[in-house]
Amino acid sequence: MEAIWILLLLFVLIMLAGVYAAVRAVRAAKRGIDRTVHQARRTVEDTRLRARQLAQPGAAGELAQLRLSLRGSMRATSQALQAAAPQDQSLSESLVLFQRLSAHAQDLEADLKRLEQEPDRARLTALLPDLRQRTERITHSADSLRWAVRDRTQRFAHDDLDSLNREIEMEAGALRHWTAVEPEEPRTDAGSWPAPEAGTRTAPGAGARPEAGARSGPKAGQEPEPPRPSLGARPQTEPQAWQKPWQQSRRPENTA
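What counts, and at which threshold
- Residues numbered from 1 in each chain as written.
- Predicted model: local features only at pLDDT ≥ 70, side-chain atom pairs only at ≥ 80, totals over all residues.
- Heavy atoms only, no water.
- Helix = DSSP H or I, 4+ residues; strand = E, 2+ residues; numbered from the N terminus.
- Buried < 20%, exposed > 50% of the residue type's maximum accessible area, 1.4 Å probe, protein only.
- Contact = heavy atoms within 4.5 Å.
- pLDDT = per-residue confidence, 0-100.
- Patch = residues over 30% accessible without salt bridge, like charges linked within 9 Å, V, L, I, M, F, W, Y side chains within 5 Å.
- Areas by Shrake-Rupley, 256 points an atom, 1.4 Å probe, with all protein chains shown as cover.
- Salt bridge = Lys/Arg side-chain N within 4 Å of Asp/Glu carboxyl O.
- Core = buried A, V, L, I, M, F, W, Y, C linked by side-chain atoms within 4.5 Å.
- Lys, Arg positive; Asp, Glu negative; His and termini not counted.
- Charge placed at Lys NZ, Arg CZ, Asp CG, Glu CD.
- Expected span 1.5 Å × (residues − 1).
- Axes fitted to C-alpha atoms, helices over the stretch in contact; angles between N-to-C directions.
- Parallel < 35°, antiparallel > 145°, perpendicular 65-115°, else oblique.
- Left-handed = near helix turned anticlockwise from the far one by under 90°.
- Nonpolar A, V, L, I, M, F, W, Y, C, P; charged D, E, K, R; others polar.
- Phe/Tyr/Trp six-rings, centres within 6.5 Å; stacked < 30°, edge-to-face > 60°.
- Lys NZ or Arg CZ within 6 Å of the ring centre and 35° of its normal.
- Polar contact = N/O pair within 3.5 Å; in protein donor to acceptor, adjacent residues only side chain to side chain.

(A) Highlighting the overall build of the chain. Helix and strand counts for the chain come out as five helices and zero strands. Reading the helices (α) and strands (β) of the chain from amino to carboxyl end gives α-α-α-α-α. Looking at the chain as a whole, 17% of its 256 residues are labelled buried. Taking contacts inside the chain between residues at least 6 apart in sequence as the whole, the part at least 24 apart equals 67%.

(B) Structural detail: the confidence of the model for the chain. For the chain, per-residue confidence averages 76 on the pLDDT scale, and residues scoring 70 or more make up 69% of the total. Mean pLDDT values for the elements of the chain range from 50 in helix α5 (residues 245-248) up to 91 in helix α3 (residues 92-115). Below pLDDT 50 for its whole length, residues 198-220 participates in five contacts with residues either more than four positions away or in separate chains.

(C) A look at a nonpolar patch on the surface. A grouping of I6, L7, L9, L10, F11, V12, L13, I14, M15 and L16 is seen on the molecular surface, where their side chains present a nonpolar patch of about 1000 Å² in accessible area. Mapped onto the secondary structure, L16 falls in helix α1 (residues 2-55).

(D) Spotlight on the nonpolar core. Membership of the largest hydrophobic core comes to 21 residues, with the highest contact counts inside it found for L63, L70, M74, L108, L112, L131 and I138. Those elements that place two or more of their residues in this core are α2 (59-84), α3 and α4 (121-175). Those residues in contact with M74 that lie beyond four places of it in its chain are F98, L101, S102, A105, I138 and A142.

(E) How the structure looks around the pattern of salt bridges. Here the structure, examined in full by the defined rule, presents 13 salt bridges. Note that E116 and R52 form a salt bridge whose closest N and O atoms lie 2.9 Å from each other. Remark: R52 occurs in helix α1 and E116 occurs in the loop between α3 and α4; sequence separation between them is 64 residues. For E116, a relative accessible area of 11% gives the class buried.

(F) The arrangement of the environment of Q106 in detail. With respect to the helices and strands, the residue Q106 is situated in helix α3. Residues Q106 and R71 lie 35 residues apart in sequence; the distance between their C-alpha atoms is 9.3 Å.

(G) Looking closely at a positive patch on the surface. The grouping of R24, R27, R31 and R35 at the surface amounts to a positive patch. With respect to the helices, strands and loops of the structure, R27 is situated in helix α1.

(H) α1, seen in detail. In a regular helix each residue adds 1.5 Å, so 54 residues correspond to 80 Å; α1 covers 79 Å between its end C-alpha atoms and thus fits that length. Restricting attention to buried positions, one finds in α1 the residues E45, D46, L49 and R52. Where α1 is buried, its residues contact α2.

(I) Summary view of the packing of α2 against α3. Two numbers describe how α2 lies on α3: the axes approach to 10 Å, and their chain directions differ by 160°. What the angle tells us is that α2 and α3 run roughly antiparallel. Seen from above, α2 lies across α3 with left-handed handedness. Residues L63, L66, R67, L70, R71, M74, T77, S78 and L81 of α2 lie in contact with α3, whose contacting residues are S94, L95, F98, L101, S102, A105, L108, E109, L112, K113 and L115. Residues of the contact of α2 with α3, tallied by class, amount to 12 nonpolar, four polar and four charged.

(J) Local environment of the environment of L115. Along the chain, the position of L115 falls in helix α3. Between the alpha carbons of L115 and A59 there is a distance of 9.8 Å; along the sequence they are 56 residues apart. Once you skip the residues sitting within four places of it in the chain, L115 turns out to touch L63, L124, L127 and L131.

(K) Fine view of the packing of aromatic side chains. With the rule as written, the count across this model stands at zero aromatic pairs. It is R150 that lies over the ring of W147; its NZ or CZ is 5.1 Å from the centre.

(L) Up close: the side chain of T139. Locating T139 in the fold gives a position in helix α4. For T139, a relative accessible area of 10% corresponds to the buried category. Engagement of the side chain of T139 in a polar contact is seen with the backbone oxygen of E136, the distance being 3.0 Å. Leaving out residues up to four positions away in the same chain, T139 has contacts with S69, L70 and S73.

Put into structure tokens, the structure is as follows:
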């Protein structure tokens, strides 16, 4: 009995999931159809306005031109904001301002569309300066907002590219670490000096290290000190009294 209830529960859950998926698919298809219909209507309307602008000179043609300018500016600004808003959360205030501007643009477009059926051309000509001024103010605000968003996006892209270039240069330098090491000089044993080259003569005592505090040479006006006898060398002095006679005289050479 419990297995039957479990099977019924699974069947109900599967049915509910299928219904939910079908509803979402229908809504997505409906949104796609509405979007396509809206784009088609917009394209048809823009084409009609361009044709009227060229075919009907005067007030009617200028009304069509004002509508085209207004629609193009607002559409471009909306696309720029929608593209940049997901990556930049600070554009929330800009979206609110654009919504307020869109309300004024919709009112102006409704007035322009209504005046297209106005039979009194003199009345229409008198209203054109005010309509033109409103259109220019709205389009100027929309263009300023759009270009500010684009400049901000490009600035962020340039900063990110500069940071990426610096990181790549650092990584490239780290990968070429062997080129920064200088060649080591030939090492000698501790306390030894490198041997002189062939054909060169070294002066006596040239390899000896000078003692600490020793003077490098005699100063002006002083006589140089006599050289001190080195250890192990027999000084050439006169015979001492304690030496024997045969030790005092030099050994004669063999005359045989």
